[in-house]
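Read off the chains here:
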Amino acid sequence: MDRNRKEEIVDQLRGDLDGINSVFLCSFKGLTVEKDTNLRRQMREKGANYSVVKNTLLKLAFVDTDFAQVSDKLNGNTALAYHKDDIVGLAKLIDEFAKDNDAFEFKAGVVEGQVIELDGLKALADMPPKEVLVSKLMYMLNFPVQGLATTLNGVLRKLVVAFDQIKQQKENG
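To start, this report covers the structure provided alongside it. (Residues numbered from 1 in each chain as written. Predicted model: local features only at pLDDT ≥ 70, side-chain atom pairs only at ≥ 80, totals over all residues. Heavy atoms only, no water.)

**Re the environment of Lys29**
Next, step 1: Residue placement: Lys29 occurs in the loop between strand 1 (22-27) and helix 2 (33-46).
Next, step 2: Note on Lys29: relative accessible area 64%, which makes it exposed.
Next, step 3: As for Lys29 and Gly113, which are separated by 84 residues in sequence, their C-alpha atoms are 27 Å apart.
Next, step 4: Ignoring sequence-local partners within four residues, the contact set of Lys29 consists of Asn77 and Ala103. (Helix = DSSP H or I, 4+ residues; strand = E, 2+ residues; numbered from the N terminus. Buried < 20%, exposed > 50% of the residue type's maximum accessible area, 1.4 Å probe, protein only. Contact = heavy atoms within 4.5 Å.)

**Examining the packing of helix 2 against helix 4 (residues 87-100)**
Next, step 1: Two numbers describe how helix 2 lies on helix 4: the axes approach to 11 Å, and their chain directions differ by 165 degrees. Between helix 2 and helix 4, the interaxial angle falls into the category roughly antiparallel. Every pair of crossing elements has a handedness; the one defined by helix 2 and helix 4 is right-handed. The residues of helix 4 that touch helix 2, namely those facing Lys35, Asn38, Leu39, Gln42, Met43 and Lys46, are Gly89, Leu90, Leu93, Ile94 and Phe97.
Next, step 2: Broken down by class, the residue content of the contact of helix 2 with helix 4 amounts to six nonpolar, three polar and two charged. (Axes fitted to C-alpha atoms, helices over the stretch in contact; angles between N-to-C directions. Parallel < 35°, antiparallel > 145°, perpendicular 65-115°, else oblique. Left-handed = near helix turned anticlockwise from the far one by under 90°. Nonpolar A, V, L, I, M, F, W, Y, C, P; charged D, E, K, R; others polar.)

**What about the pattern of salt bridges?**
Next, step 1: Taken as a whole and judged by the stated rule, the model has eight salt bridges.
Next, step 2: Salt-bridge contacts for Glu8 lead to Arg5; the nearest nitrogen and oxygen are separated by 3.3 Å. Residue Glu8 and its partner Arg5 are located together in helix 1 (residues 3-17), separated by three residues, close to a single helical turn.
Next, step 3: On the accessibility criterion, Glu8 (46% relative accessible area) is partly exposed.
Next, step 4: A relative accessible area of 38% places Arg5 in the partly exposed class.
Next, step 5: Where salt bridges share partners, they join Asp95, Glu96, Lys99 and Lys122 into one cluster. (Salt bridge = Lys/Arg side-chain N within 4 Å of Asp/Glu carboxyl O.)

**Points about the side chain of Ser27**
Next, step 1: Its place among the elements puts Ser27 in strand 1.
Next, step 2: A relative accessible area of 11% places Ser27 in the buried class.
Next, step 3: Here the side chain of Ser27 touches Asn77 through a polar contact of 3.0 Å, side chain to side chain. (Polar contact = N/O pair within 3.5 Å; in protein donor to acceptor, adjacent residues only side chain to side chain.)

**Some points on the environment of Gln165**
Next, step 1: Examined against the element boundaries, Gln165 turns out to sit in helix 6 (residues 130-172).
Next, step 2: Looking at Gln165, the relative accessible area reads 47%, which means it is partly exposed.
Next, step 3: Between the C-alpha atom of Gln165 and that of Gln42, which follows or precedes it by 123 residues, the distance is 69 Å.

Now the structure itself:
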């Protein structure tokens, strides 16, 4: 590969990673073509990007980014995986695939500027889906308002009962 082609690839990688705040590096040594094809299909279905890139080119693309923190992990064969929006879903996919395929392993990652190792990936993979987290947040935001409405309703009900009792006392007495 000539120098110009390498520069094009590095520029393309930088462009692809622009706006991305999380990446995962994986090793696929010994993975069969069939299993690799299956993984790529699953990644595409999730809307994730997965590619094998020469380590030297990836190191150049990582220069002056948060991803440079994992440049020391760029040895052997390396696959780069990232998703623009659903990093938890991608972590789940990688974790599940690694459980089922001993030849595939997670090397390291950068999530929101922080380097993560295998335990960090597993913690991400164990998180509930985004929809569940949003639902829980909405419940937590709604709960105080709902409680206030219930309390006010109870106070108003008691006030109406008290007025009704006063009215009945005046009519009877």
